[in-house]
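One letter stands for each residue in the lines below.
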Amino acid sequence: DQQVKQNSPSLSVQEGRISILNCDYTNSMFDYFLWYKKYPAEGPTFLISISSIKDKNEDGRFTVFLNKSAKHLSLHIVPSQPGDSAVYFCAAILNTGNQFYFGTGTSLTVIP
Amino acid sequence: DVKVTQSSRYLVKRTGEKVFLECVQDMDHENMFWYRQDPGLGLRLIYFSYDVKMKEKGDIPEGYSVSREKKERFSLILESASTNQTSMYLCASSFPGAGVFGQPQHFGDGTRLSIL
């Protein structure tokens, strides 16, 4: 049972525009969320996180939004750059800290 | 910078063989993890360890075991490899936080394992 879902397997965006990657979850006991970025032939690297006590966290071009009532989070990349082309995974941690779930990933292509 | 090193990038083994996947981290992390990544399924946790000689089952431990004799090294063992264990295997490590998964994990580059 997939508790963290990324319903868009792929996304294409023009360079300079905004990329929005979405993630839905089912368990209201998740209280910490992360985004990882993965290039081909490399392991995932941590990108940005957000605690459930916040609804927004920003780091440079990357902003994560959390809507707890909708059980939805999104990653915004502005402006998108070709080097952002990668697979993005969202992940959620249960409030006990002892359960961790990854989404299935969204492949982002930024077109120059 | 954290370095998580997996011993092999590509590995081909035969059905029934005992397979060892090795992982070493250089940041003195207490926690280490083994995942497998399959298309459409994301990353699934096989086993994790929060201390030397300690191990806990993840979501899909069947057919696998692990060993953590030293803090920096975490080994995944396929006791008798089967074709459905063909996958990308990823090792990760982290400091402890609020719970085992409370801190972001640092991943190795993965081992692509094929079982023939």
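In the block above lies the structure referred to throughout.
Summarised in this report is the structure supplied together with it.

Basis of the calculations
- Residues numbered from 1 in each chain as written.
- Chains lettered and ligands numbered in written order.
- Predicted model: local features only at pLDDT ≥ 70, side-chain atom pairs only at ≥ 80, totals over all residues.
- Heavy atoms only, no water.
- Salt bridge = Lys/Arg side-chain N within 4 Å of Asp/Glu carboxyl O.
- Helix = DSSP H or I, 4+ residues; strand = E, 2+ residues; numbered from the N terminus.
- Buried < 20%, exposed > 50% of the residue type's maximum accessible area, 1.4 Å probe, protein only.
- Contact = heavy atoms within 4.5 Å.
- Core = buried A, V, L, I, M, F, W, Y, C linked by side-chain atoms within 4.5 Å.

Pairing between side chains of opposite charge can happen when the charged atoms of each approach one another. Within this structure, the stated rule accounts for 9 salt bridges over all chains. With a shortest N-O distance of 3.2 Å, B:K71 and B:D28 are connected by a salt bridge. Here B:D28 lies in the loop between β3 (19-25) and β4 (31-38) and B:K71 lies in the loop between β7 (64-70) and β8 (73-78), a separation of 43 residues in the sequence. Its relative accessible area of 25% is what places B:K71 among the partly exposed residues. Here B:D38 makes a salt bridge to B:R36, at a shortest N to O gap of 2.8 Å. Overlapping salt bridges bring together A:K37, A:R61 and A:D84 as one network.

Next up on the list: the side chain of B:S94. Structurally, the position occupied by B:S94 is in strand β9 (residues 87-94). In this structure, B:S94 is in contact with B:H29, B:E30, B:N31, B:F33, B:V100, B:Q103, B:P104 and B:Q105, ignoring residues within four places of it in sequence.

The next subject is the nonpolar core. All names here are of chain A. Among the nonpolar cores identified, the biggest contains 25 residues, and V4, F30, F33, W35, L73, L75 and Y88 are the most heavily contacted of them. Contributing elements (two or more residues each) for this core: β3 (19-25), β4 (30-38), β5 (45-51), β7 (62-67), β8 (72-77), β9 (86-94) and β11 (106-111). Looking at which element gives the most residues to this core, the answer is β9, with 5 residues. With residues up to four places along the chain from it excluded, the contact list for V4 reads C23, D24, Y25, F30, C90, A92, Y101, F102 and G103.

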